[in-house]
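# Examination of the molecular architecture
Listed below, chain by chain, are the residues.
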Amino acid sequence: MESCRGFRMWAFVFMCLMFQSGNGFYLPGSYPHKYGIGDELWVKVNSLTSIDTEMPFSYYSLPFCKPEGGVKDSAENLGELLVGDRIENSPYRFKMYTNESEIFLCQLEKLSGDQFKILKKRIDEMYQVNLLLDNLPAIRFTKKEDYLLRWTGYPVGIKIQDVYYLFNHLRFNVLVHKYEETNVARVMGTGDAAELIPTIGKEGSDKPGYMVVGFEVIPCSILHNADSVKGMKMYNKYPSPIKCDPSTVAMPIREGQPVTFTYEVTFEESDIKWPSRWDAYLKMEGAKVHWFSILNSLMVITFLAGIVLVIFLRTVRRDLTRYEELDKEAQAQMNEELSGWKLVVGDVFRAPTNSALLCIMVGDGVQILGMAVVTILFAALGFMSPASRGTLITGMLFFYMILGVAAGYVAVRLWRTIGYGDKKGWISVAWKAACFFPGIAFFILTTLNFLLWGSHSTGAIPFSLFVILILLWFCISVPLTLIGGLFGARAPHAEYPVRTNQIPREIPKQKYPSWLMVLGAGTLPFGTLFIELFFIMSSIWMGRVYYVFGFLLIVLILLVVVCAEVSLVLTYMHLCVEDWRWWWKSFFASGSVAIYIFLYSINYLVFDLKNLNGPVSATLYLGYSLFMVLAIMLATGTVGFLSSFWFVYYLFSSVKLD
């Protein structure tokens, strides 16, 4: 009975992952907000973004209308600040289910020389304005060759024949769904009988209410009469009709010229329900190709991994079975005729060079891999949905700090195992494990942050946030890693099954450089993730929404299996040619996948981001790519090393050779 319940539990989790992957289902990151007819709705603005520069800027860095009460920042979490989101209030105001047209917003008397130059620059760099209503980004639809394309935000302007045009009139379409309040508050009881408890009616509950389920924007360039709006106040009606035609532009910008901003809004009742309102953002173009590519990749890599595993098991099992079937006299004679991996029995557990560094990198790899698995699992179950901006980055930081205990434990215990149980120096190993990867990451991010500061980008991390990150590092992450190191120092170390000779055995000259084979081994793990990597990088650098965390979790599990298998095979091959220096090679056999990911990143920069503008943008891209590649190398290398360590330990425990 218990096993049946366990099976149903896992089946439910699996179905949740698959449903999340296919339909964008998520546990709500926010609750539905009911608005009555005539209630005010305020649009918020996010940072201006562009795929040509990858540097976000504040909305009010351009000459746009400001709210009457002044610009105010909305509450932001740690993740939003790290990714460059700056959400602020705006002057755009709606009234629920009330259509309005020709609404005057403001008029800028004259464009200064600096304002004119910055507008031209942002139009050349294809910057997009990002608006939010009830936590929904504004979406724009365009047609191209009978295909309907979806975009988030709208462009600042457009350049036609050396003339710059500004989109100064916005037509909004808000999709609303009638609020459905059930008459049943909850259902109590289990089994066939259930007790229904009706809600108590509240005064005014019979009034119709609506929820925002869609937010569309159509930008237009309108040439206004500047003299006719002099003295008008914000939200007054424009004196003449405005015809918004997105196919034509009429508002050229020139230095010293006034600019008038207007907007209109219509409300449309929709069948879309509140839990499904993000489907329009999640189901972007190319979803079918995404599904087909991932499934095809999974099948091919699973097939290849199965072949590698079968060949590997047959080879090792044949050696062990053949040895175990011999009697003692035959075994003694065979020991005199040893060949292959049996010859390195006295050196296979010899401490590697830079053993402390290896322990530190393995500990950090466990921490990064654990953070990735837990974060992707929570995201797949919907706790870190796109509706909750910044929660994914915040969750990654939280899990990374907590898993510092695992990093310290693994690093120190491995250090003690290599040192035959010696506890000396464990504090130094734990301390270095707490500072190795975060220190490199901090150096990279600080260098890139100076570039962003110099460009006055909102992507730059504020100094106060720098202080917070340092406090989190040294007040939470480092102590937890030291605690984990203490547990590792007290835990029993692994006893080697064979003795190590005092004099190292000479390694025969190899026909081919062994490191060439190690570096080439990363191609198979790379094949498991390169398709998924394309979608991840597109979501980061092309402004697309990534949501198939269920498939990402499956790909991650498959990647771990393939890394373990590749490292096992390479370790066995090196032992067979009497090369006992397997420690570092097992780490880089699977960790070398990072090299191919970095090469793929360069390829993506050259062919997919070929419009990337300026050396600063390219430096930011390569810097963040280097940071990502370092984390992947530590995680995959750790999988390869630990699996190889287990294999070598098991192999020489099965056959006792003196």
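The shown structure was predicted, so the numbers you read here are calculated from the model rather than taken from an experiment.

The rules we used
Residues numbered from 1 in each chain as written. Predicted model: local features only at pLDDT ≥ 70, side-chain atom pairs only at ≥ 80, totals over all residues. Heavy atoms only, no water. Disulfide = S-S within 2.5 Å. Helix = DSSP H or I, 4+ residues; strand = E, 2+ residues; numbered from the N terminus. Buried < 20%, exposed > 50% of the residue type's maximum accessible area, 1.4 Å probe, protein only. Phe/Tyr/Trp six-rings, centres within 6.5 Å; stacked < 30°, edge-to-face > 60°. Lys NZ or Arg CZ within 6 Å of the ring centre and 35° of its normal. Pairing = 2+ DSSP bridges. Contact = heavy atoms within 4.5 Å. Axes fitted to C-alpha atoms, helices over the stretch in contact; angles between N-to-C directions. Parallel < 35°, antiparallel > 145°, perpendicular 65-115°, else oblique. Left-handed = near helix turned anticlockwise from the far one by under 90°. Nonpolar A, V, L, I, M, F, W, Y, C, P; charged D, E, K, R; others polar. Salt bridge = Lys/Arg side-chain N within 4 Å of Asp/Glu carboxyl O. pLDDT = per-residue confidence, 0-100.

This model, assessed by the stated rule, comprises two disulfides. Residue pairing for Cys-65: its cysteine sulfur links by disulfide to Cys-106, the two sulfurs lying 1.8 Å apart. Taking the sign of the S-S torsion, about -85° here, the bridge from Cys-65 to Cys-106 comes out left-handed. Placement of the pair is Cys-65 in the loop between strand E2 (40-45) and helix H2 (78-83) and Cys-106 in strand E4 (residues 100-108), with a sequence separation of 41 residues. Between the sulfur atoms of Cys-220 and its disulfide mate Cys-244 the distance is 1.7 Å. Measuring the twist about the S-S bond at about 70°, one finds the Cys-220-Cys-244 disulfide to be right-handed. Taken together, the positions of Cys-220 in strand E16 (residues 209-220) and Cys-244 in the loop between E16 and strand E17 (259-269) put the pair 24 residues apart, joining distant regions of the chain. As far as burial versus exposure is concerned, Cys-220 and Cys-244 are alike and both buried. Counting only the cysteines that take part in disulfides, in the order they occur along the protein chain, gives the pairing 1-2, 3-4.

Attention now moves to the packing of aromatic side chains. Applying the stated criterion across every chain yields a total of 44 aromatic pairs. Consider the rings of Phe-94 and Tyr-263, whose centres lie 6.2 Å apart with planes at 50°: the pair is tilted. Here Phe-94 is found in strand E3 (residues 88-95), whereas its partner Tyr-263 is found in strand E17, with 169 residues between them in sequence. By relative accessible area, Tyr-263 is classed as buried at 0%. When the ring of Phe-437 is compared with that of Phe-627, the centres are 5.9 Å apart and the planes differ by 25°; the resulting orientation is stacked. Here Phe-437, found in helix H10 (residues 426-454), pairs with Phe-627, found in helix H17 (residues 615-654); they are 190 residues apart in sequence, far enough to count as distant. Residue Phe-627 is classed as partly exposed on the basis of its relative accessible area, which comes to 26%. In this structure an aromatic cluster arises from ring pairing among Trp-431, Phe-442, Phe-450, Trp-453, Phe-466, Trp-473 and Phe-474. We note Arg-122 situated over the ring of Tyr-127; from NZ or CZ to the ring centre the distance is 5.2 Å. One Lys or Arg, Arg-350, reaches over the ring of Trp-580 and ends 5.7 Å from the middle of that ring.

In space, the four strands of this open sheet follow the order E3-E2-E6-E7, with antiparallel pairing throughout. Each edge of the sheet is formed by a strand with only one pairing partner; in this case those strands are E3 and strand E7 (136-137). Pairing geometry for strand E6 (residues 131-133) and E7, over two bridges, is antiparallel. Within the sheet, the bridge partner assigned to Leu-133 lies in E7 and is Leu-136.

Our next topic: the side chain of Thr-571. Along the polypeptide, Thr-571 turns up in helix H14 (residues 549-576). Residue contacts for Thr-571: discarding those within four places in its chain leaves Trp-582, Ser-586, Ser-644, Phe-647 and Val-648.

Quick look at the pairing of strand E13 (residues 169-178) now. Counted residue by residue, E13 has eight buried out of ten residues, so it is predominantly covered. By the bridge criterion, ten bridges tie E13 to E16 in an arrangement that is antiparallel. Bridging from a neighbouring strand, Phe-172 pairs with Val-217 of E16. Relative to E17, E13 runs parallel, the two being bridged by eight bridges.

A few words on the packing of helix H13 (residues 523-541) against helix H16 (residues 593-607). Where H13 meets H16, the axes come as close as 10 Å, and the angle between the chain directions of the two elements is 40°. One finds that H13 runs oblique with respect to H16. For the pair H13 and H16, the crossing hand works out as right-handed. In this structure, H13 uses Thr-523, Pro-525, Phe-526, Leu-529, Phe-530, Leu-533, Phe-534, Met-537, Ser-538 and Trp-541 to contact H16, whose residues at the interface are Val-593, Tyr-596, Ile-597, Tyr-600, Ser-601 and Tyr-604. Here the residues of the contact of H13 with H16 are counted per class, giving 13 nonpolar, three polar and no charged.

Before going further, it helps to spend a moment on the pattern of salt bridges. Under the counting rule described, the total for this entry stands at eleven salt bridges. For the salt bridge of Lys-159 with Asp-162, the shortest nitrogen-to-oxygen distance reads 4.0 Å. Under the relative-accessibility criterion, Asp-162 is labelled exposed at 64%. Arg-581 serves as the salt-bridge partner of Asp-579, at 3.6 Å between the closest nitrogen and oxygen. Taking relative accessible area as the criterion, Asp-579 reaches 2% and is therefore assigned buried. Looking at Arg-581, the relative accessible area reads 46%, which means it is partly exposed. Here the salt bridges share partners, and the residues they tie into one network are Asp-579, Arg-581 and Lys-585.

Attention shifts here to the environment of Ile-301. Tracing the backbone through its elements, the reader meets Ile-301 in helix H5 (residues 287-324). Judged by its relative accessible area of 6%, Ile-301 falls in the buried class. Taking the C-alpha atoms as reference points, Ile-301 and Val-562, separated by 261 residues in sequence, lie 8.2 Å from one another. Aside from chain neighbours lying at most four places away, what touches Ile-301 is Leu-524, Gly-527, Thr-528, Leu-558 and Val-562.

Before going further, it helps to spend a moment on the confidence of the model for the protein chain. Here the protein chain shows a mean pLDDT of 83. Residues at 70 or above account for 83%. Confidence over residues 1-29 falls short of pLDDT 50; this stretch has 38 contacts with residues more than four positions distant or in other chains. Considering only residues more than four positions removed or in separate chains, one finds that residues 182-204, a stretch of pLDDT under 50, has 18 contacts.

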